[in-house]
Amino acid sequence: MRNLLSFLFLILLGSCFGSFSEGERLFRSGAYEEAVKEFSKALFLNVTDIKSLHLRARSYEELEAFQEAIEDYKSILKLDPTYAQAHAGIGKVYWKLENYRQAENHLLIAAKHDPKDFEILFLLGRTLLINERYQSAEEFFQLAKELKPKDARVHFYQGMARSQIGDILGAAGSFNMSLRYDPDNLTAKYNRGLVLMLIGYSSWALEDFDAVLKEKPEHVEALAHRGVAKLNLNDRTGCNDLQQALARGSIYARVHQDKCK
């Protein structure tokens, strides 16, 4: 009888107190609400379990319970102020809330404590880009690129940052590399066309604008830029492109319509 009672007690205990491994399994399978419950039970038994706090915070993120996620990340930082992923987690939450100033602050701290985490560096670069801190953004994209040199995204955003700081040749190189690893990125092709025009390579720019318009014929600014690229090459059919773009409201076509008078 005593053994039976002990066995039943263990079963009851197991149902009351969760385990990290079960919570992790639920999290990995996408059962975030169940994962939160499991981690909450585990934390009832051990309130300083950083791993459970971290994955519960991540589960809250997936459920868009952002305040609860931030509270868990802050609880981690009380236990370990240098825990980079907690700072990064708060930064990611603020990113999702479009509070990019706060996101930048926390991601900078995260990068300080873990300067080799690609995702932290990459998101920090994007945040700095949005916050118009272009030089800093370019520098963090460079650090991220050193960790993942074949990631098309980091080349693309570095190209955007370089465009803003006036490094046109560098921007063209970045967009080239982005397209090497992701040749279907129409935004990269369009932006490469823009910088190629700026450095005087209108024939190459024309190829990019043609490629964009083949996939997105409604892209009015690509149409306007193609028109100017053609005119730069003494192809008067560019006026047709400019007139069509002007009729569809293109600002660039309006600025350059005198080329066809």
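Before any of the text, the structure's been laid out above.
Trainee: Report on helix 10 (residues 152-164), specifying residues and quantitative values.
Mentor: Over its 13 residues, helix 10 extends 19 Å from the first C-alpha to the last, a length consistent with the 18 Å expected when each residue adds 1.5 Å. Of the surrounding elements, those touching the buried residues of helix 10 are helix 8 (118-130), helix 9 (134-147), helix 11 (168-181) and helix 12 (186-198). Where helix 10 ends, the next residue or the one after it, Gly 166, has phi of about 85°, a positive value.

Trainee: So what's going on with the nonpolar core? Which residues, and what values?
Mentor: Counting residues in hydrophobic clusters, the biggest one holds 37 residues, and the most contacted among them are Tyr 73 and Phe 141. Where this core is concerned, the elements lending two or more residues are helix 3 (32-45), helix 4 (50-62), helix 5 (66-79), helix 6 (84-96), helix 7 (100-113), helix 8, helix 9 and helix 10. Of all the elements, helix 8 adds the most residues to this core, at eight residues. The residues contacting Phe 141, other than those within four sequence positions of it, are Phe 122, Gly 125, Arg 126, Leu 129, Val 154, Tyr 157, Gln 158 and Ala 161.

Trainee: Describe in detail helix 5, supporting the description with residues and values.
Mentor: Compared with the 20 Å implied by 1.5 Å per residue over 14 residues, the 20 Å span of helix 5 between its first and last C-alpha is a close match. Phe 66, Ala 69, Ile 70, Asp 72, Tyr 73, Ile 76 and Leu 77 are the residues of helix 5 that are buried. For helix 5, the arc enclosing every buried residue in end-on projection is 160°, short of the 170-degree limit, so these residues lie on one face. The secondary structure elements touched by the buried residues of helix 5 are helix 4 and helix 6.

Trainee: Give me the pattern of salt bridges: which residues, what numbers.
Mentor: The tally for this structure, following the rule as stated, stands at 17 salt bridges. With its nearest N and O atoms 2.8 Å apart, the salt bridge here joins Asp 72 to Arg 56. Residue Asp 72 is found in helix 5, and its partner Arg 56 is found in helix 4; the two are separated by 16 residues along the sequence. Take Asp 72 and Arg 56: they sit in the same class, and that class is buried. Across the salt bridge formed by Arg 153 and Asp 151, the nearest N and O atoms sit 2.9 Å from each other. Classification of Arg 153 by relative accessible area gives partly exposed; the value is 38%.

Criteria and cut-off values
- The residue numbering used here restarts from 1 in each chain and proceeds along that chain's sequence as written.
- Per-residue local features are limited, in this predicted model, to residues with pLDDT of at least 70; the limit for side-chain atom pairs, both in listing and counting, is 80 or more; totals at the level of whole chains, interfaces and linings are taken over all residues.
- Derived side-chain values reflect all non-hydrogen atoms in the structure, with water molecules and hydrogen atoms excluded from consideration.
- We count a stretch as a helix when DSSP gives it H or I for four or more residues in a row; a strand needs E for two or more, and each element gets its number in order from the N terminus.
- By this rule, a helix spans an expected 1.5 Å times one less than how many residues it contains.
- Here, two residues are considered to be in contact whenever any of their heavy atoms come within 4.5 Å of each other.
- The term nonpolar core refers to a set of buried residues drawn from Ala, Val, Leu, Ile, Met, Phe, Trp, Tyr and Cys, joined through side-chain atoms within 4.5 Å.
- Whether a residue is buried, partly exposed or exposed follows from its accessible area with a 1.4 Å probe, protein chains only, as a fraction of its type maximum: under 20%, in between, or over 50%, in that order.
- The arc in question is formed by the directions pointing from the helix axis toward the C-beta atoms.
- Here a salt bridge means any side-chain nitrogen of Lys or Arg lying within 4 Å of a carboxyl oxygen belonging to Asp or Glu.

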